[in-house]
Every structure is written in C-alpha cells, then in structure tokens.
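Per-entry structural report
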Amino acid sequence: MKKEHIMNTYGRFDATFVKGSGTKVYDAQGKVYLDFVSGVAVNCLGHSHPAIAKTLADQSQTLIHVSNLYWNDKQLMLAEKLAAYSDHHQVFFSNSGSEAVETGLKLARKYGKIKGGSDKNVILYMENSFHGRTLGALAVTGQEKYQKDFMPLMQGLKAVKFNDPDDLEKKMDDTVCGVILEPIQGEGGIITVSPEFLQKARNLCDQYQALLIFDEVQCGIGRTGKLFAYENFTIQPDVICMAKGLGGGFPIGATLAKKEAAQAFVPGDHGCTFGGNPLACAVALTVLEELMEKGVLENTKQQSVYIMDQLSKLQNKYPVVQGVQGMGLMLGLGLNIEGKHLVQKCFEKGLLLVGAGEKVVRILPPLNVTQGEIDKAIAIIEAALKEL
Ligand code: PMP
C-alpha cells in the first residue's frame, strides 16, 4: 500500500494495523502488539468491544444521522446521563477534543460579554498545556513547538505558569472571562494540577465572574479511576470538555456546563453538523454503561494500584527510571533520558506506549485491562530497560 497520499503530519512507527481485539492489535504481517496507548486514551474498552460493535450494528440499522434542526432520542438520553453523573446541567455535542475545547472557549467569551461587556474577553491558559490543533485550541496550547509556524493566533489570551497560584492571581482581572486547564496535563508529561492551584483558580473565577474550564479530553471518562477527573479534587469546574474515551473509539466530543454558564448560548451562537448524532450518542451510552454498571471503573481502580506497584519496583531496580506520575490508568514513567528510546524498544518487543513531554513515557491501557496483561507489559518494559 502506498503511503505518499497521506499528508506528512505525523512521525509514525513502522506498522500498519489491520485488526484489533481487546488489548491486542495485529499488523498487516500478523505480528501482535499489546496496546497500552489505546488510541491515546480513546479505546477505553479495548479494541472491537462486543457491546460497542453490537450498538453500532443495531443503531446503524435504526437511525444514523438527523440534523440538529430536530431532536433525537439518543442525544437526549446521553445528555441526561452526562448531566446526572457530572452535576452539570447542559451539554453541547461535537466530534472531537478540539471541537469540545472550541465550544468551551466560545462559551466563556459569550458569558464574559453578558457579565462585563465586550472588554471581558480574556482567556487564561496554562504553560505546557495541550488542547488541540484547531486554531482556537492551538492558541491556548502553551507549547511553542505546536504554535510557532501558525501565527498569528487568536487574540485576548494570557499564559499562566501551571501550578503557580501567584502567577494566576497576577494575571486575573475584570477582563478575564475564562480559565482553561487540564486536571492532568497529558501531552505535556502527565503532570497533575495541585489542589492549592485549583482552589485558587476556583476562588478567582468566582470573584471575577469567569468560567473555570476543565479539559478532560484525555483524563476524563474513567481514566483517573473516577468518571470525571474533577471528582478527584474538592472543587468543581463550570465547564468540562470531553471526547476521546467517551466514544470508546467512535468519534464524539461533548462540552458540559453548569446551568448559569450554559445559558449564555442562545440559538445561532454555535453549531456542529454531526454533533450529537444518534450513532455516536448510542455508542457513548454503551461506554457509560460498561464503565458505571459493568464494573470497568472498578477494574480501573484495582489495576491502577497493581500497575503503580509494579512500576515502582522498576523504579527501584533501574536508575534510568526517575518516578511514576499520574492517577488511575493515566500514568507516566519519568526517565532521565528521552522517552522515545524506551517507546521504540517496547514497540520492537510488541508493546505500544507513547511519549509525553520529553522524558516521560505514557502508559494508557484500556480501562478493562487485566492483571495478566499488565504483567506481560511490565515484563516487556523491564526487558527494554535492561537494554537502555
Ligand atoms: N485536549 C486534550 C487534553 C488532549 O489530550 C487532546 C488530544 N490529545 C485534545 C484536547 C484534542 O483532541 P482531538 O485530537 O480529538 O481534537
């Protein structure tokens, strides 16, 4: 198969996948890999989960798409479920993480306009963050390497040092309409927000009538062992951006908001042709059912304890391993060398992992991973570490 017709935007590994089942994926030559990337936190139930396959088959024979000029039953059911689980009131559906973020940014701008007029339009974002590649999401992605060739970006933004409450306080004023952050920075290197920083962000957003927006695109949907990442902390955001795991591999994005924030949007303010289509919403309902009612979230917590323990043992044995970061099954192995060396060695030995930041290797197995699969992955990581 020719590769020249695909735009050259990714540094790819030399494997073409043709089949997947559970935690395994198979390349065109039949080589099997243990997938601890999960489509970068997407395949939360593994590959080709029977419940997802069945929902896709059933719903595709019932109703695939209708315009948002009309209501559809699966969109209503999913919105009701997400609202009930999250303690947020309304949802806007889209197709991806970037779109979920764009929606959050637009909502903050509209909310700001209502609260303080057109000068209340500044959005604070974090250094070292990642929110997506579309121009708005890219503008709040605080890493020069992603932004530098695409200037000028959106106006009215200020970067804040992540986890520095004083810097946040310094940059906050009446012109701010929103603050966006990842509870756990994913692409930036599995860095968890500090409770002090979050409390400060909540207080300042309340004081200045700005929306606190959590990007849970990567850390949400059970990754941390809780359905929403914010449940690991004592405060709540006004807006939650979700995607990736919500569809278990089928594209869907969602932006949830508290009632007062959500009501800033009126007909004509925002839209998305495919957002909330019955096929994607039916799959997301199945994912939520598996997580919440079929024990997958429970499994995430149990396997998290086990894998963290195993990774800590590697840390004690191999000086190249500096530490274990993250929560639940959103984990990072901190190294004293570039992460890509370990990722490449594991790839050759049949384990898929992905880098984060420079010296961190991300470990994102499906949330229904078994202890036996973790043992196999740890054995491969150990064999690779021996060769580094
Ligand atoms: N936000 C976060 C935290 C992400 O990790 C990502 C993707 N890695 C995005 C947004 C963008 O999502 P998408 O690629 O679906 O647009």
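Scroll up to find the structure.
Described in the following lines is the structure provided in the data block. (Residues numbered from 1 in each chain as written. Predicted model: local features only at pLDDT ≥ 70, side-chain atom pairs only at ≥ 80, totals over all residues. Heavy atoms only, no water.)

1. Focus on the overall build of the protein chain
From N to C terminus, the protein chain includes 13 helices and 17 strands. The globule rule puts the C-alpha radius of gyration for 388 residues at 21 Å, and the 21 Å found for the protein chain is close to it. The dimensions of the protein chain, computed from C-alpha atoms along their principal axes, are 60 × 55 × 45 Å. A buried classification covers 53% of the 388 residues belonging to the protein chain. Of all intrachain contacts in the protein chain linking residues separated by at least 6 positions in sequence, the fraction that spans at least 24 positions is 72%. Counting 40 positive and 42 negative side-chain charges, the protein chain places the averaged centre of each group 3 Å from the other. (Helix = DSSP H or I, 4+ residues; strand = E, 2+ residues; numbered from the N terminus. Rg over C-alpha atoms; globule rule 2.2 N^0.38 Å. Buried < 20%, exposed > 50% of the residue type's maximum accessible area, 1.4 Å probe, protein only. Contact = heavy atoms within 4.5 Å. Lys, Arg positive; Asp, Glu negative; His and termini not counted. Charge placed at Lys NZ, Arg CZ, Asp CG, Glu CD.)

2. Considering the pairing of strand β1 (residues 17-21)
Inspection of the sheet shows β1 paired to strand β2 (residues 24-27) by four bridges, in the antiparallel sense. Bridging across to β2, G20 finds its partner in V25. (Pairing = 2+ DSSP bridges.)

3. Remarks on the pattern of salt bridges
Tallying each qualifying case throughout the model produces 22 salt bridges. Between D238 and R202 there is a salt bridge, with its nearest N and O atoms 3.0 Å apart. Of this pair, D238 sits in the loop between β10 (211-215) and β11 (239-242) while R202 sits in helix α8 (residues 195-208), and the two are 36 residues apart along the sequence. The class for R202 is buried, based on a relative accessible area of 11%. (Salt bridge = Lys/Arg side-chain N within 4 Å of Asp/Glu carboxyl O.)

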